[in-house]
Amino acid sequence: MPYNKDKQQSFQAAQQGYEQAISAKQEIIVSSSGYGKDLKHLQQEVGEAKMQIENALENASEHQKAQLLQFQKDLQTIETEMNTNL
């Protein structure tokens with residue numbers, strides 16, 4: 001039972017990290033005077049979310065794995081957008 005609890009907790013942490021990264025992306029306004037600060041915050045959130053996803057993938061169920069891989073793909077898209085807007 002503890003293994004399943006750990007699996008769920010790591011998935012939830014990854015999901016929360018992903019949601020925080022998405023939220024940070026939505027808050028960025030390119031023309032804003034705080035763009036640089038917002039971009040740095042987004043980079044930090046994406047980095048943390050990627051680490052949480054990697055950890056969760058180690059013991060995820062098949063359903064969780066599919067969702068985590070989609071999160072990774074979405075975060076990769078955000079990183080690409082960040083790199084092209086610098």
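These numbers were taken from a predicted model, which means no experiment stands behind them. (Residues numbered from 1 in each chain as written. Predicted model: local features only at pLDDT ≥ 70, side-chain atom pairs only at ≥ 80, totals over all residues. Heavy atoms only, no water.)

**Student:** Break down the nonpolar core for me, with residues and values.
**Tutor:** One finds Leu42, Val46, Ile53, Leu68, Leu75, Ile78 and Met82 to be the most contacted residues of the largest nonpolar core, which totals 20 residues. For this core, the secondary-structure elements that each account for two or more residues are helix H1 (2-27), helix H2 (35-57) and helix H3 (62-84). With residues near it in sequence (within four places) discarded, Met82 still touches Leu39, Leu42, Gln43 and Val46. (Core = buried A, V, L, I, M, F, W, Y, C linked by side-chain atoms within 4.5 Å. Buried < 20%, exposed > 50% of the residue type's maximum accessible area, 1.4 Å probe, protein only. Helix = DSSP H or I, 4+ residues; strand = E, 2+ residues; numbered from the N terminus. Contact = heavy atoms within 4.5 Å.)

**Student:** Lay out the UniProt feature "coiled-coil region" (unreviewed entry) in the protein with the relevant residues and their values.
**Tutor:** UniProt marks residues 39-66 with the feature "coiled-coil region" (unreviewed entry), using the numbering shown here. Overall, residues 39-66 shows 86% helix and 0% strand. The separation of its end C-alpha atoms is 28 Å. (UniProt positions renumbered as here; feature names shortened; annotations may be inferred.)

**Student:** Could you give an account of the side chain of Glu79, with specific residues and numbers?
**Tutor:** By the element assignment, Glu79 lies in helix H3. Apart from residues no more than four positions distant in its own chain, Glu79 is found in contact with Val46 and Lys50.

**Student:** Let's hear about the pattern of salt bridges: which residues, and what values?
**Tutor:** Per the stated rule, a full pass over the model turns up two salt bridges. Close ionic contact of Glu81 with Lys25 constitutes a salt bridge, the shortest N to O distance being 3.1 Å. Of this pair, Glu81 sits in helix H3 while Lys25 sits in helix H1, and the two are 56 residues apart along the sequence. Under the relative-accessibility criterion, Glu81 is labelled partly exposed at 33%. Classification of Lys25 as partly exposed rests on a relative accessible area of 33%. In this structure, the salt-bridge partner of Lys50 is Glu79, at a minimum N-O distance of 3.1 Å. Residue Lys50 is found in helix H2, and its partner Glu79 is found in helix H3; the two are separated by 29 residues along the sequence. (Salt bridge = Lys/Arg side-chain N within 4 Å of Asp/Glu carboxyl O.)

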